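# Report on the structure
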Amino acid sequence: MGTMISQRGLDVVTAKAQTAKRRHDRGLLLIGLFKLGKSLLFFIIGVGVVKLFHRDISDVVMRVAMALKFDPESGLVAMVLNKVDLIDMHKLKLISAAAFGYSAVALTEGVGLVLEKVWAEYLTLCLTIAFLPWELYEIARKPNIFRIGVFVINLAVLWYLVWLLRRKKSSASVQA
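Here the structure is a predicted model, which is why all the values come from computation and not from measurement. (Residues numbered from 1 in each chain as written. Predicted model: local features only at pLDDT ≥ 70, side-chain atom pairs only at ≥ 80, totals over all residues. Heavy atoms only, no water.)

## Some remarks on the overall build of the chain
Of the regular secondary structure elements, the chain holds seven helices and zero strands. In sequence order, the secondary structure elements of the chain are arranged as α-α-α-α-α-α-α. Every one of the 176 residues in the chain was classed for burial, and the buried ones make up 25%. For the chain, contacts bridging at least 24 residues in sequence account for 69% of all contacts bridging at least 6. By element, 70% of the accessible surface of the chain is carried by carbon and sulfur atoms, the whole surface being about 12600 Å². (Helix = DSSP H or I, 4+ residues; strand = E, 2+ residues; numbered from the N terminus. Buried < 20%, exposed > 50% of the residue type's maximum accessible area, 1.4 Å probe, protein only. Contact = heavy atoms within 4.5 Å. Areas by Shrake-Rupley, 256 points an atom, 1.4 Å probe, with all protein chains shown as cover.)

Written out as structure tokens, the structure is:
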């Protein structure tokens, strides 16, 4: 009889553990999916930059401007052409390497967060903190709604990860 009770108790504990393991933290899942989206975006940017290797970038800009019905004589097209003239093959290679590198880091973060790995939470926390000063500098230099929005999103991610890690730490100390 005593064995039956302990077996039932063990079954209940196992069932609760499996149920708890199946529930994903929605915040981590959301952040992870956001990171996976960023990874895809930067991968596409990297591929696009590689496709510009050994091509006349000014010609590509003019074709895009014409396809989008921009006046080729407009100030905007002239400004873009002036900026594009500063980009050489070395800079294209640096831009593509940075895009692919950032894509790999965001992919690592995203997969780790979706799988609810603690190392991914700490990695995302550290990287988010590392980019905040640069984001503040960019906002101070030239504020716009996009930069402010990115900053606010990153602050929300930072707050959530700090809250989650503290909650996990206090939960682990209570169980010990």
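## Describing helix H7 (residues 145-175)
An α-helix turns once every 3.6 residues. As a result, residues three or four positions apart point the same way. Given a rise of 1.5 Å per residue, 31 residues ought to cover 45 Å, and the 45 Å separating the end C-alpha atoms of H7 matches this to within 8%. Within H7 the residues assigned to the buried category are Phe151, Asn154, Val157, Leu158, Tyr160, Leu161, Leu164 and Leu165. Residues of H7 that are buried make contact with helix H2 (26-51) and helix H6 (118-141). The residue sitting at the N-terminus of H7 and contributing the capping side-chain oxygen is Asn144; that oxygen lies 3.1 Å from the backbone nitrogen of Phe146. (Expected span 1.5 Å × (residues − 1). Polar contact = N/O pair within 3.5 Å; in protein donor to acceptor, adjacent residues only side chain to side chain.)

## Digging into the environment of Leu115
Secondary-structure assignment places Leu115 in the loop between helix H5 (89-114) and H6. Note: C-alpha distance between Leu115 and Asp25 (90 residues apart in sequence) is 9.8 Å.

## Looking at the pattern of salt bridges
Once the charged atoms of two side chains with opposite charge are near each other, the side chains can pair. The final tally for this structure, using the stated rule, is six salt bridges. A salt bridge links Arg63 to Asp59, with the nearest nitrogen and oxygen atoms 3.1 Å apart. Of this pair, Arg63 and Asp59 both sit in helix H3 (residues 57-67), four residues apart, which is roughly one turn of the helix. We classify Arg63 as exposed; its relative accessible area is 53%. The salt bridge involving Arg141 is made with Glu138; its shortest N-O contact spans 2.9 Å. With Arg141 and Glu138 both in helix H6 and three residues apart, the pair spans about one turn of that helix. A relative accessible area of 11% places Glu138 in the buried class. (Salt bridge = Lys/Arg side-chain N within 4 Å of Asp/Glu carboxyl O.)

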